[in-house]
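Here are the chains, one letter per residue:
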Amino acid sequence: YVAGDCAPDGTLDGAVPVQSFHSLADPTVPYNGTLTWSSQPEVDALWLEKNGCDGSEEPVVSFSSATSSCKRWECPGAPYETCIVNDMDHCWYGGRSGGFHTCVPEEGNVDMTAHMFEFWEELAAKKATGQDTVETAPATHEDRYGLDQLAGE
C-alpha cells in the first residue's frame, strides 16, 4: 500500500506508510548512525515529515515491554511507526534468526513479524472499507503465522 504515486523521475511522490525496527545494540547499522548510515532519530524525522506530521502530534505507544517499545504516529498522509529493541544484534526479532548465533530473542521482545502483519492488515482494512480509522484489538502477537515453529528450526 502506497499512499502516493511515483513521480516522473521514479521517486515516491507523497506519503508512505512505514514501520522501522531497530536495536539499540546493532553493531552493523548502529542506532546512532555512522558516516554512512543515518541515525534512527534522523530516519524517524525524515518519515514523519514526509508523511505530513509537523511535530505537534503525539505518538501512541503500540507495544511496550522491558525489552522493546514501539511508537506510532497517525500523520495526515500516512502512519509511521518505529520500534526499538534493547541489547540485540543485527537480527530479525520474530521468526528465523538469519543464522546469527547472537540472535536469541529475549522474553518480552516485540515479535516484529507479527507486529508488522498487524500494521499492514490494519492499513489494508482501512483501504478496503474507506474508513479513516479502524478499531483493532491491542497487539497480542499471537502465533497466527506459525512463526514459533519456524524459530525453533
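The shown structure was predicted, so the numbers you read here are calculated from the model rather than taken from an experiment.

Asks: Before we move on, can you summarise the pattern of salt bridges with the specific residues and values?
Replies: Under the criterion given, the structure shown has four salt bridges. With a closest N to O distance of 2.7 Å, Arg-72 and Glu-74 form a salt bridge. Classification of Arg-72 as buried rests on a relative accessible area of 9%. In this structure, Glu-122 engages Lys-126 in a salt bridge whose closest nitrogen and oxygen atoms are separated by 3.4 Å. Separated by four residues within a single helix, Glu-122 and Lys-126 lie in helix α2 (residues 112-129), roughly one turn from each other. Lys-126 matches Glu-122 in its accessibility class, with the two residues each being buried.

Asks: Let's hear about the state of the cysteines: which residues, and what values?
Replies: The final tally for this structure, using the stated rule, is two disulfides. Note on cysteine connectivity: Cys-53 is disulfide-linked to Cys-75, with sulfurs 2.1 Å apart. Linking Cys-53 and Cys-75, the disulfide has an S-S dihedral of approximately -105° and is accordingly described as left-handed. Remark: Cys-75 occurs in the loop between β5 (68-74) and β6 (79-85) and Cys-53 occurs in the loop between α1 (40-50) and β4 (60-64); sequence separation between them is 22 residues. A relative accessible area of 11% places Cys-53 in the buried class. What makes Cys-75 buried here is its relative accessible area of 7%. What pairs with Cys-70 in a disulfide is Cys-83, and their sulfur atoms sit 2.2 Å apart. Looking down the S-S bond of the Cys-70 and Cys-83 bridge, the torsion is 115°, so its handedness is right-handed. A residue pair is termed long-range when its members are at least 10 positions apart, and Cys-70 in strand β5 and Cys-83 in strand β6 qualify at 13 residues. Cys-83 matches Cys-70 in its accessibility class, with the two residues each being buried.

So, how was this worked out
Residues numbered from 1 in each chain as written. Predicted model: local features only at pLDDT ≥ 70, side-chain atom pairs only at ≥ 80, totals over all residues. Heavy atoms only, no water. Salt bridge = Lys/Arg side-chain N within 4 Å of Asp/Glu carboxyl O. Buried < 20%, exposed > 50% of the residue type's maximum accessible area, 1.4 Å probe, protein only. Helix = DSSP H or I, 4+ residues; strand = E, 2+ residues; numbered from the N terminus. Disulfide = S-S within 2.5 Å.

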